[in-house]
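Observations on the model geometry
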Amino acid sequence: MKQFTREEKIVSEIRNNPGIRFRELMNIVGITNGVLSYYVSKLEKVGNIQVQRKSGVSRFFMSDLSEDERQLTKYLRMTTPKKILVVLLKYKVSTFKQIVEEIKMSPSTTSFYLKKLVEDEIITVHTFTPKKYTLVKKTQIENLISEYHPDLVTIASANLEDIFSSF
């Protein structure tokens, strides 16, 4: 059986987990901070990976992902935004109250992430009374989920099936 080099392990993890954070990658690959920094710098210089550095958080992506895909993948790796996106995939249109009830998070936390998702033009808010939220990038989100997070599709399908079977 072929032994993978550290560089190959790092690239493989980034390919399979786009948007992975530095510390998470370090733990999975089993190398120290300095060693990972060296390889990341090397891979970034030759253009194999892209690094998104924001607010002291580094996220890693393969170079072939578009900016939209990187942004969506970042949210799919975060618990609350991922729950919001799954709810909007499931119901198409939801009120704030429905989203809060579905994701079982506080209204302030839900509001914080909804605002971020609206700012990044991933969802849109319709100013009816009450406000209603819908996905802007539905197809892209579905494609990314099916490619990198197929477990979410299974969970969403099971939840939808439960809803319909309860009638």
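This text gives an overview of the structure that appears in the document. (Residues numbered from 1 in each chain as written. Predicted model: local features only at pLDDT ≥ 70, side-chain atom pairs only at ≥ 80, totals over all residues. Heavy atoms only, no water.)

1. Let's talk about the overall build of the chain
Selection rule: Put simply, DSSP H or I for four residues or longer makes a helix, DSSP E for two residues or longer makes a strand, and each gets a number counted from the N terminus. Using a 1.4 Å probe on the protein chains alone, a residue whose accessible area is under 20% of its type maximum counts as buried, one over 50% counts as exposed, and one in between counts as partly exposed. Working rule for contacts: check all heavy atoms of both residues, and any pair within 4.5 Å makes them a contact. For accessible areas, the Shrake-Rupley method is used with a probe of radius 1.4 Å. Any residue's cover is judged against the shown protein chains and nothing else.
Each helix and strand in the chain was counted, giving 9 helices and 6 strands. Within the chain, the proportion of its 167 residues that are buried is 37%. Summarising the internal contacts of the chain: among those between residues at least 6 apart in sequence, 52% fall at separations of at least 24. If you sum the accessible surface of the chain, you get close to 10,000 Å²; carbon and sulfur atoms cover 52% of it.

2. Here's the deal with the sheet that holds strand β1 (residues 20-21)
Note the threshold: One bridge is not enough; two strands pair if DSSP finds at least two bridges between them.
Read across the sheet, 3 strands follow the order β1-β3-β2 without closing on themselves; strand pairing throughout is antiparallel. A single partner strand is all that each edge strand has here, and the edge strands are β1 and β2 (49-54). With 6 bridges joining them, β2 and strand β3 (residues 57-62) adopt antiparallel strand pairing. Note that in β3 the partner of Lys54 across the bridge is Val57.

3. Things to note about the pairing of strand β6 (residues 132-135)
Looking at chain direction, strand β4 (residues 93-95) and β6 are connected through 3 bridges and run antiparallel. Bridge assignment links Thr95 to a residue of β6, and that residue is Lys132. Pairing analysis gives 4 bridges linking strand β5 (residues 123-126) to β6, with the strands arranged antiparallel. Counted as the bridge partner of Thr124 is Thr134 from β6. Taking the residues that link successive antiparallel strands as the turn, the β5-β6 hairpin has 5 residues.

4. Description of the sheet that holds β5
Put simply, the rule is: The axes used here are C-alpha line fits, helices contributing only the stretch in contact, and every angle between their N-to-C directions lies in the interval 0 to 180 degrees.
Strands sit in the order β4-β6-β5 across an open sheet of 3 strands; the sheet is antiparallel. The two strands at the open ends of the sheet, each matched to only one other strand, are β4 and β5. Adjacent strand axes in the sheet meet at a mean angle of 30° when their direction is disregarded. Docked against the sheet, helix α7 (residues 107-119) engages β5 and β6, running at close to 105° with respect to β5.

5. What about the nonpolar core?
Heads up, the condition is: Among buried residues, the Ala, Val, Leu, Ile, Met, Phe, Trp, Tyr and Cys ones that are joined through side-chain atoms within 4.5 Å form a nonpolar core.
Formed by 23 residues in total, the largest nonpolar core has its most connected members in Ile84, Leu85, Ile99, Ile122, Ile123 and Ile141. Contributions of two or more residues to this core are made by α4 (67-76), α5 (79-91), α6 (96-103), α7, β6 and α8 (138-148). Among the elements that line this core, the one with the most residues is α5, at 5 residues. If we ignore the near neighbours within four places in the chain, the residues touching Ile99 are Ile84, Val87, Leu88, Ser94, Thr110, Leu114 and Tyr133.

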